[in-house]
Amino acid sequence: MKLAFLLLSFSFVAVTSFEFQDPHQADVTFGSKTPTAQVISVKESNDGGRVKIVSVTGVAGPLTVKTNSQSVIDVETENAADASENTLSMNLLDYEALVRKGSPTVFAIDVYENNDIMNKQTLSVNIVNLDDESPTLWSSACSMKENTQVDVDSSDCVFIVHDADGWLASMDFSKIIGTQGEDDLFEFKYKDIPDNTTHHSEVYLVLKDGKTLDFETTFVYSFSIQPADAASHPTFPLSDVPILVRVLDVPDQPPRWNSAFSSVETVTENTRTTFTVSASDGDIGINSAINYNITKKSLDCVSIDKESGEITIGEIDRDDGNDQVTFTVRAYEVDDPDSYVDDTITLIVIDQDDNAAVIGIENSDDKKIDITIDENSVDIEANIFADDIDLGDNAVYNVTLVSTGKVDYASAFSVTPEMAFEQTYFALTVVDPSKLDYEDVNWKKITMELRTIGIVTPANVDTLPITVTLKDINDEVPVFTPVENAVTVPENQKAETLIITITATDKDQEDIDAGLKYELLGDYANTVLTIDEPSGDVSTKIDNAFDYEKQQTVVVDIRATDQANHQAVAQLTLTITDVNDESPKLAALTPIRIDENQPDGTVLEAEISASDDDTDANLEFSIDWDNSYATKNSIQLSDESFATIRCVEITTVADSEDNKVATAQLTVTQPETLDFEVFDELFLMVVVTDLNQADGNGVDSAYLVISVQDVNDNAPVFGDDIETEKWQVMENAAPGTLIATVVAVDLDIADVLTYSIEGVDKDSPSDWVTIDETGLVTVNSNSIDCDNPVRESVKYNVTASDGTFTTTATITVDIIDTNDNAPTMESLDATLAENSAEGVVVLTLTPEDGDRDDAYNTVKCDFAHSATTDVTNQFEIVDNEIKVRAGATLDRESQDKYVFELSCNDDPDQQGYVRNFINPAPVITITLDDVNDNPPTIYNTDITGQFDESSAKGTTASLEGRDADDPKSPNSKIEFQGITKIQRFINKDDTTPQNDPPQDLFTIKTGDNNEGILTVNYDNLDTYFGYLVLTVSLSDKGDPPMTNEVDVTVEVAKYNFKEPAFSFPFDEETVYLKKKQTPNSPLITLKEDAPLDNIKASDQQGEKFSLEFTITEDSSGDAKLFSIKNLGNSEAQLQITSDVFKSKSYTMVITASISEQDSIQGSAAFSKDVTLNVEFIDLKDTQTAFTNHQRTRT
């Protein structure tokens, strides 16, 4: 057999003259050749077109191509120049479209030569799936608990990802875009990694390892993801899929104090005070109720209301040491008292002035001072201390010394300080020791009182008595007479020349006896003079000790000291006489300020003066221009530039009364050279010369600094490029946004420029912009608009003013359009004929957008995310046209209306940062118009319970006609044309009909509301029981109408017209049986020694009913000797139940009943009774009574 098969195959191949060759096409893979076919793989394509799949060589005759799916694959042959060569091409197919339609992706192409089946080769073309479809990610809002690790087993954030290509495991979900660090928190994971053939899977949004969310930090995350498949296709219809994750708060935060909480409160001493603290649940998403209590307190006077948080502070005496009171207040959650927050409140007790400053002696309980001092003493030792235990201003008090005797003793003393605060030490000081004279009897004993008096409350007073007793001492001092002495001395006096003698006297005898000691005071006096210590003679100490020009008068002090070290001082005034030898001195020159452009001859207010100590001086002023210079902005002018500047001249003004003093006057000359813009400071070298100077050069000089002040003589100047500069501003820029810097320059440096700005025309609103004092042009309001009306730029006149001169320049500001107008479009309705062909335009969408630039006013619409596949499988949106998609099945009867939302945005190419969507999303409603494409049919094709054999002529049943077309159109209006065939089946499941009944047994006519009225056309339906299958013809009223034939099964129930009739036994018949019988077996007759005949009966109606037999009466009584076994077909067998019985006669009544009587109707009895007599004969015991037994029937 194998050999024969091989020979046959060889024979078959041998007759094939052509061969398949590789076509060398990029999208075609020429594979191996199997025993049955040449394998070729063709890459799928969504773009249509054709591709050469194979070259055929060695062709001897015409080629014929047959495929297993001609409706899908279109194969054509192309002849080459060489007739023996052909090329086969096919239409490019979309792998996903094939799968959606249930078509195969592997096609068998049989190629015949000369249409000869024996000269055939087969191509097996495999359509290769490419990753060329955009995936889809369906998202919805979801939630995650805070402080919880969320993985794929616990995440409620479940999204559906679909990719018609499969390869879902290669999806890239890593590009998460958000402003709250979402890419560090979230990631997408599969629970089970889908295989490459899975197109639809759940993907879970989970938290990255170790990451949790915190409700208190962020309670909602709104971000987007840009998923892509392995071929980098973004998701469709949205490449940015919005994700919204709500964070669910969990009870993990203790309460927190509200902002009004203060940890320091002030209360007034001895005053009842209340204030309230407030806290709220730190878990703001739960917001549990808060109660309060106090856990620690330093005084019992503090209490708090548990629910309101009102704190009550009782009376506090600060002077008992309670200047600060602390306590801890707790706020806790009612539902969880272990969740609480504690904070300490410090009460600062504000003092009241209720205490006097107590005055006394430090470290002593004595409430008085009693001391003895020397007369004329200046010091008193008394440690006086006062303490006011109040605080602040309440602890400030005055201290006053009051005499309590007849003399004003207090005038000789003072107490410091006179005002004190809280605890203070006081000094009692003698201010007039001369009054403390022992020789004055009124002053020998001094009595006073020191009082403290509160400033806030003067009634707060305390006193300290003071008694001072004087002790006699030696207290006289030397006295000069006269105290002031004078003498004249030439400035060139020689050394050791006696000038004057000065002496003093002392009342103390001991000082008179011992004499006084004299001395010069001061370093200068001891440098130029000397004094004899016992005599008081004053002499010169050095030659030329005095200088008239420096000092015409010299004053020295001479001190006399007695034995008790009492001292007195006298004054000696030396008048120095002049000797001529000094050069003149130029007084310090004070810088002056003058305005530029002064008129010629203007006298400047410059204070220029010189003096000469010589009494015969003759002074003259001049300007040394060679040593003078000028600067501009602190930079010295060049010699060449300065040589032209001779803007002032100087004139000497002599003092007519004193030739030792002279002044000068500056006058403007050559005013054109006095220009601030050339120099701002002139350093003028002023020279004074004593023309009569005999000894020395007699010259002094100094610089006079003349600051030249700017005068407003120049207009402001803008930069050359201000009007050509390209300034820009974003549409709707925020107030304060910088647009331009238009700084003007004014050569008058002191000028303060002000700026103003105004629109050139109505299309350049002035209130859009503002300009500040520095020339910065900024946005004034966020109403900058380039859309309505459309404007590319605005123009503004910018004016700079120095108060006198103004300059205006025009600036042009280009407005950069922003995507600030959302597109608009109303919802639309459209009608479309069902079964419309591919490419039919249903709607042309005309969304509008008010933005200026095409980048932002080009609106593209696509299906919204909510659009279901019921819509997207039927329609497509291309260039804002809704069209019928290829492969659409627009069947109005399956779905008559398509309602979906559009997603329309005004930046489909994502050229900007903002994309606006039409909101609310436009709703498109497409209603399918009916086409008469559905034949009429009958809904109730099984008619049961309405007919039986007795149904008389005219009995009816209703057939419900239905047509799936539009019920409002004639397409669904039905006409019942008639009954074309009637067949009868006994049982419903029978496949072979009985003899066909009369074909006019029923008639049918059209009723109302597509009803067919089926009517019995014969007197009755006797003998036609069972199931009648009526082929009903019907049509609709469409144009053209559609017709149909529908089989309707009509059940005809049996009807009992006659009662049953027995054929054995007859009524009152007697049968004779042998005594010996076998229980539950056929009974044996006595004569024939054969089984008794079966009990038989008939329904007398053609045996349409099955009869059953029962024993209704039995003379055997309780023994129930007899039984009947029903054998079917209206027969039964009489049996006995036991072989133990007496030989005797028995009588029974046997009933034949229609077994179906409970389910049928009838006009005759359903049962029949007969009486049977049975005789058991034992031949051994009984003599034969007769020789010929016969049965007699009536």
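Worth saying up front: this structure is predicted, and the values here are computed from it rather than measured. (Residues numbered from 1 in each chain as written. Predicted model: local features only at pLDDT ≥ 70, side-chain atom pairs only at ≥ 80, totals over all residues. Heavy atoms only, no water.)

**Student:** Go over the environment of F917, please, and point to the residues and values.
**Tutor:** Inspection of the secondary structure puts F917 in the loop between strand 69 (897-905) and strand 70 (923-929). Separated by 10 residues in sequence, F917 and D907 place their C-alpha atoms 9.0 Å apart. Beyond its immediate chain neighbours, meaning those up to four positions away, F917 contacts L238, A822, P823, S903, C904 and N905. (Helix = DSSP H or I, 4+ residues; strand = E, 2+ residues; numbered from the N terminus. Contact = heavy atoms within 4.5 Å.)

**Student:** Let's hear about the packing of aromatic side chains: which residues, and what values?
**Tutor:** Each aromatic ring pair is summarised here by two numbers: the centre-to-centre distance and the angle between the ring planes. A complete count under the given rule lists 22 aromatic pairs for this structure. Both rings, one in F875 and one in Y898, keep their centres 5.3 Å apart while their planes meet at 80°; by these two values the pair is edge-to-face. Of this pair, F875 sits in strand 67 (residues 875-878) while Y898 sits in strand 69, placing them 23 residues apart in sequence. With respect to class, F875 is no different from Y898; both count as buried. Ring-pair connections join several aromatic residues into one group, and the members of that group are F159, F173, F188 and Y190. Directly above the aromatic system of Y112 lies the positively charged group of K66, at a separation of 5.3 Å from the ring centroid. (Phe/Tyr/Trp six-rings, centres within 6.5 Å; stacked < 30°, edge-to-face > 60°. Buried < 20%, exposed > 50% of the residue type's maximum accessible area, 1.4 Å probe, protein only. Lys NZ or Arg CZ within 6 Å of the ring centre and 35° of its normal.)

**Student:** Can you explain a nonpolar patch on the surface? Please cite residues and give values.
**Tutor:** Where nonpolar side chains cluster on the molecular surface, the patch consists of M419, I455 and V456 and spans about 260 Å² of accessible area. Within the fold, M419 resides in strand 32 (residues 419-421). Judged by relative accessible area, M419 falls into the partly exposed class, the value being 49%. (Patch = residues over 30% accessible without salt bridge, like charges linked within 9 Å, V, L, I, M, F, W, Y side chains within 5 Å. Areas by Shrake-Rupley, 256 points an atom, 1.4 Å probe, with all protein chains shown as cover. Salt bridge = Lys/Arg side-chain N within 4 Å of Asp/Glu carboxyl O.)

**Student:** Just give me the short version of the pattern of salt bridges, but keep the residues and values in it.
**Tutor:** Tallied over the full model, the rule gives 25 salt bridges. The salt bridge partner of E76 is R50, with a shortest N-O separation of 3.8 Å. With E76 in strand 6 (residues 75-79) and R50 in strand 4 (residues 50-57), this pair connects stretches of sequence that are 26 residues apart. Linked by salt bridges that have partners in common, R50, D74 and E76 make up one network.

**Student:** Please provide a residue-by-residue account of the state of the cysteines, values included.
**Tutor:** Throughout the structure, instances matching the rule amount to 2 disulfides. The partner cysteine of C861 in its disulfide is C904, sulfur to sulfur 2.1 Å. Taking the sign of the S-S torsion, about 115° here, the bridge from C861 to C904 comes out right-handed. Here C904 lies in strand 69 and C861 lies in strand 66 (residues 860-863), a separation of 43 residues in the sequence. What makes C861 buried here is its relative accessible area of 1%. Ordering the disulfide-forming cysteines of the protein by sequence position, one finds them joined as 1-2, 3-4. (Disulfide = S-S within 2.5 Å.)

**Student:** How would you summarise a negative patch on the surface if you had to cite specific residues and measurements?
**Tutor:** Where like charges cluster on the molecular surface, the negative patch consists of D1067, E1068, E1113 and D1169. Within the element layout of this structure, D1169 appears in strand 88 (residues 1167-1177). (Lys, Arg positive; Asp, Glu negative; His and termini not counted. Charge placed at Lys NZ, Arg CZ, Asp CG, Glu CD.)

**Student:** Give a description of the sheet that holds strand 67 that names residues and reports values.
**Tutor:** Strands sit in the order 65-68-67 across an open sheet of 3 strands; the sheet is antiparallel. Every interior strand has two partners, whereas the edge strands, strand 65 (841-844) and strand 67, have only one. Direction aside, the axes of adjacent strands within the sheet are offset by 20° on average. Pairing geometry for strand 65 and strand 68 (residues 881-884), over 3 bridges, is antiparallel. Across the sheet, the residue bridging to V841 is K883, located in strand 68. (Pairing = 2+ DSSP bridges. Axes fitted to C-alpha atoms, helices over the stretch in contact; angles between N-to-C directions.)

**Student:** Give me the pairing of strand 52 (residues 661-668): which residues, what numbers.
**Tutor:** Bridge analysis of strand 47 (residues 603-611) against strand 52 gives 6 bridges, and the strand direction is antiparallel. Following the sheet pairing, S611 is matched in strand 52 by V661. Of the strand pairs in this sheet, strand 51 (residues 648-654) and strand 52 are connected by 7 bridges, and their pairing is antiparallel. Across the sheet, T652 pairs through a bridge with A664, a residue of strand 52. Between strand 51 and the antiparallel strand that follows it, strand 52, lie 6 residues.

**Student:** Any chance you could break down the side chain of D690 for me, citing the residues and the numbers?
**Tutor:** Here D690 shows up in strand 53 (residues 681-690). K585 provides the closest opposite charge to the buried, unpaired D690, separated from it by 9.4 Å. At 2.9 Å, the side chain of D690 forms a polar contact with the backbone nitrogen of N618. Among all residues touching D690, those that are not within four sequence positions of it are E582, P584, D612, D614, A617, N618, L619 and G698. (Polar contact = N/O pair within 3.5 Å; in protein donor to acceptor, adjacent residues only side chain to side chain.)

**Student:** Got a sec to walk through the sheet that holds strand 38 (residues 498-501)? Specific residues and values, please.
**Tutor:** Whenever strands of a sheet pair, they do so through backbone hydrogen bonds, lying parallel or antiparallel. Ordered by their spatial adjacency, 3 strands build an open sheet running 38-42-41, and the pairing between neighbours is antiparallel. The open sheet has two edge strands, strand 38 and strand 41 (529-531), and neither has a second partner. Strand-to-strand twist of the sheet, defined as the mean angle between neighbouring strand axes without regard to direction, takes the value 20°. Relative to strand 42 (residues 537-540), strand 38 is paired through 3 bridges, and the arrangement is antiparallel. Bridge pairing in strand 42 places T501 opposite D537.

**Student:** How would you explain the confidence of the model for the protein if you had to name every residue and give the values?
**Tutor:** Looking at the protein, pLDDT values average 87 and 96% of them are 70 or higher. The low-confidence segment residues 1-14, where pLDDT is below 50, has 3 contacts with residues more than four positions distant or belonging to other chains. (pLDDT = per-residue confidence, 0-100.)

**Student:** Quick one: what's the story with the environment of T447, residue by residue and with numbers?
**Tutor:** In this fold, T447 is placed in strand 34 (residues 445-454). Residue T447 is classed as partly exposed on the basis of its relative accessible area of 25%. Among residues more than four places away in sequence, those in contact with T447 are S403, T404, G405, Y409, I466 and T467.

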